[in-house]
Amino acid sequence: GTQSYLQALLSLYKIFRPELVTITLPGKMKVYFRNPEGPWKAAINAVRQRNQENSQVSWPLFLGTAQPQSQKRKWNIQINIPASSTNKINLEEDRAEKRSDLYSTSESFPVEQLQTFSQLIENMHCLEFPSQMGSVLTNPLLLHYMNCHRDESVDLRLYYWMSQTLQQECTWLVADNSQYEEEFKNFLETLYNAECFLQEGFASCEEFLYKSLPLWDGFCCQSQILKFLSWIPLRSCSGIKSHLYSPLAQLFLTSSIYFKCSVLESLKELLQNWLNCLAIRLDSKSDS
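Residues numbered from 1 in each chain as written. Predicted model: local features only at pLDDT ≥ 70, side-chain atom pairs only at ≥ 80, totals over all residues. Heavy atoms only, no water.

- As recorded by an unreviewed UniProt entry, the protein chain carries the name CENPI protein and is attributed to Columbina picui.

Structure follows, in C-alpha cells:
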C-alpha cells in the first residue's frame, strides 16, 4: 500500500538489499526511523573497545567515528558514597558546648558521633538521618536505625539517589563509561552488602535490573548482577517472567557452563529469600 510507514520501511530495505525492492519509492520522505542512540550505541562501543584495546590505532579514530570525550565526570571524578553528616552547618564550632546536651531529648544526636550500638539505642528518639542518604549504605548503625524507623520520606530519598546513581554510572547503559567498570563494581558490591544486612532488596536495584538486563552482555559486572537477582522482592509471577526470566533465558542458552550454574545458584537463593519472606508474613498473621 501507500502507507507512509510501509514506504519508510521499504526504503530502509532498499538501502541494504536493493535487489529485493522492485517498486518505485518517493525520493523525499519523513524520517520514521532514527539512528539507534543511547544503550545500543554504548553496547557497541564497549564491545569494540574490549576487542581492540590492544590495537595500535584506535578504530573509531581510524574510521572517523570517534565520539567526543564525555564531560559527565568533569564535576564527579568517582562514585562517591557520602560520609555521614547532619544538616547542621556549624556542627564543628558548637560541638564542644553542646557535648553535655547530646543525650537531651530536645537536641538531635549528630550522626558523626554515633559510634556504638548502645549510643543508637539511647538516642533512638533524637537521632536524625544524614543530609545525604547515601551515607547509610556503609554505616551498619544507620542501617539498623533505618530498619527500625520506617519512614516513607526516608525511603524515597534513598530511592531517588540510588536510582539516579545507578542510571548514570552503569557501564553498559551510558556511552564512554567502560573505564569506570571497576568503580561501578565496587558500588554494586556496597549496595548488595546493604541488602544482605537489611535482609531485603532495594526497589531502585530491582528497577535497575529490569531496565539493564535486556542490554546486558552477561559479562560486565557478572558477579554483582547475579547477586542482585537473589534480593528481588516477592512479586507476581507474570511480571518476573517478562522482566527477569526472558532476558536471562537469551543469555542462558548461549553462555558457558559456569554462567549457567551461577544463574541457577542466584535463582535458588531468590527462592529461599521468598520462602523466608512468606514464613515471616505467616508468623506475623498468626501472632496477630
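Further notes follow.
### Some points on the environment of Leu-198
Step number 1: Mapped onto the fold, Leu-198 is located in helix α8 (residues 181-198).
Step number 2: Once the C-alpha coordinates of Leu-198 and His-144 are considered, the two residues, 54 residues apart in sequence, prove to be 7.8 Å apart. (Helix = DSSP H or I, 4+ residues; strand = E, 2+ residues; numbered from the N terminus.)

### Some details on the layout of surface pockets
Step number 1: Here the second largest pocket is characterised by a volume of approximately 380 Å³.
Step number 2: As for the second largest pocket, its lining consists of 16 residues, and the residues nearest its centre are Gln-199, Glu-200, Trp-231, Asn-273 and Cys-277.
Step number 3: In terms of residue class, the lining of the second largest pocket is built from nine nonpolar, four polar and three charged. (1 Å grid on protein atoms, 1.4 Å probe; cavity = no way out; pocket = protein on both sides within 12 Å on 5 of 7 lines; lining within 4 Å. Points joined across faces, edges and corners; volume = space filled by probe spheres on them. Nonpolar A, V, L, I, M, F, W, Y, C, P; charged D, E, K, R; others polar.)

### Some words on a nonpolar patch on the surface
Step number 1: Side chains of Tyr-5, Leu-6, Leu-9, Leu-12, Tyr-13, Ile-15 and Phe-16 sit close together on the surface and give an oily, nonpolar patch of about 750 Å² of accessible area.
Step number 2: Following the sequence through the fold, Phe-16 ends up in helix α1 (residues 4-16). (Patch = residues over 30% accessible without salt bridge, like charges linked within 9 Å, V, L, I, M, F, W, Y side chains within 5 Å. Areas by Shrake-Rupley, 256 points an atom, 1.4 Å probe, with all protein chains shown as cover. Salt bridge = Lys/Arg side-chain N within 4 Å of Asp/Glu carboxyl O.)

### So, the environment of Thr-171
Step number 1: Within the secondary structure, Thr-171 is located in the loop between α7 (152-169) and α8.
Step number 2: Residue classification places Thr-171 among the buried positions, given a relative accessible area of 5%.
Step number 3: Taking the C-alpha atoms as reference, Thr-171 lies 9.8 Å from Trp-216; in sequence the two are 45 residues apart. (Buried < 20%, exposed > 50% of the residue type's maximum accessible area, 1.4 Å probe, protein only.)

### Section: empty space enclosed by the protein
Step number 1: One pass over the structure, following the stated rule, counts two cavities of 30 Å³ or more.
Step number 2: By volume, the second largest cavity amounts to about 30 Å³.
Step number 3: Around the second largest cavity, the lining residues are Glu-195, Phe-202, Cys-205, Glu-206, Leu-209, Phe-228, Trp-231, Ile-232 and Pro-233.
Step number 4: By residue number, the principal contributor to the lining of the second largest cavity is helix α9 (residues 203-212), which donates three residues.
Step number 5: Looking at the lining of the second largest cavity residue by residue, the classes come out as seven nonpolar, no polar and two charged.

### Overview of helix α12 (residues 257-287)
Step number 1: Under the 1.5 Å per step criterion, the end-to-end length of α12 is 45 Å for 31 residues, consistent within 8% with the ideal 45 Å.
Step number 2: Within α12 the residues assigned to the buried category are Phe-259, Ser-262, Val-263, Ser-266, Leu-270, Asn-273 and Trp-274. (Expected span 1.5 Å × (residues − 1).)

### Some remarks on unusual backbone geometry
Step number 1: Positive phi outside glycine occurs at Gln-199, with the angle close to 60 degrees.
Step number 2: Gln-199 sits in the exposed class, given a relative accessible area of 55%.
Step number 3: Of note, the phi angle at Cys-221 is positive, near 55 degrees, even though the residue is not glycine.
Step number 4: Within the secondary structure layout, Cys-221 lies in the loop between α9 and α10 (222-229).

### Remarks on the pattern of salt bridges
Side chains that differ in sign of charge can pair as their charged atoms come close.
Step number 1: Counting across every chain of the model gives three salt bridges.
Step number 2: As a salt-bridge pair, Glu-189 and Lys-227 come within 3.1 Å of each other at their nearest N and O atoms. Placement of Glu-189 in helix α8 and of Lys-227 in helix α10 is noted, with a sequence separation of 38 residues between them.
Step number 3: A relative accessible area of 26% places Lys-227 in the partly exposed class.
Step number 4: The salt bridge partner of Glu-265 is Lys-268, with a shortest N-O separation of 3.4 Å. Residue Glu-265 and its partner Lys-268 are located together in helix α12, separated by three residues, close to a single helical turn.
Step number 5: Given a relative accessible area of 37%, Glu-265 falls into the partly exposed group.
Step number 6: Of the residues examined, Lys-268 reaches a relative accessible area of 41% and is grouped as partly exposed.

### Here's the deal with α8
Step number 1: Taking 1.5 Å of rise per residue, 18 residues should cover 26 Å, and α8 covers 26 Å from first to last C-alpha, within 8% of that figure.
Step number 2: Regarding α8, the residues found buried are Glu-183, Phe-184, Phe-187, Leu-188, Thr-190, Leu-191, Tyr-192, Ala-194, Glu-195 and Leu-198.
Step number 3: Of the residues one or two after α8, Gln-199 is the one with positive phi, at around 60 degrees.

### Let's talk about the side chain of Ser-230
Step number 1: Relative to the helices and strands, Ser-230 resides in the loop between α10 and α11 (237-253).
Step number 2: The buried category is assigned to Ser-230, whose relative accessible area is 1%.
Step number 3: For Ser-230, the side chain forms a polar contact with the main-chain oxygen of Lys-227, separated by 2.6 Å.
Step number 4: Not counting the four nearest positions on each side in its chain, Ser-230 is found in contact with Tyr-192, Ser-266, Glu-269, Leu-270 and Asn-273. (Polar contact = N/O pair within 3.5 Å; in protein donor to acceptor, adjacent residues only side chain to side chain. Contact = heavy atoms within 4.5 Å.)

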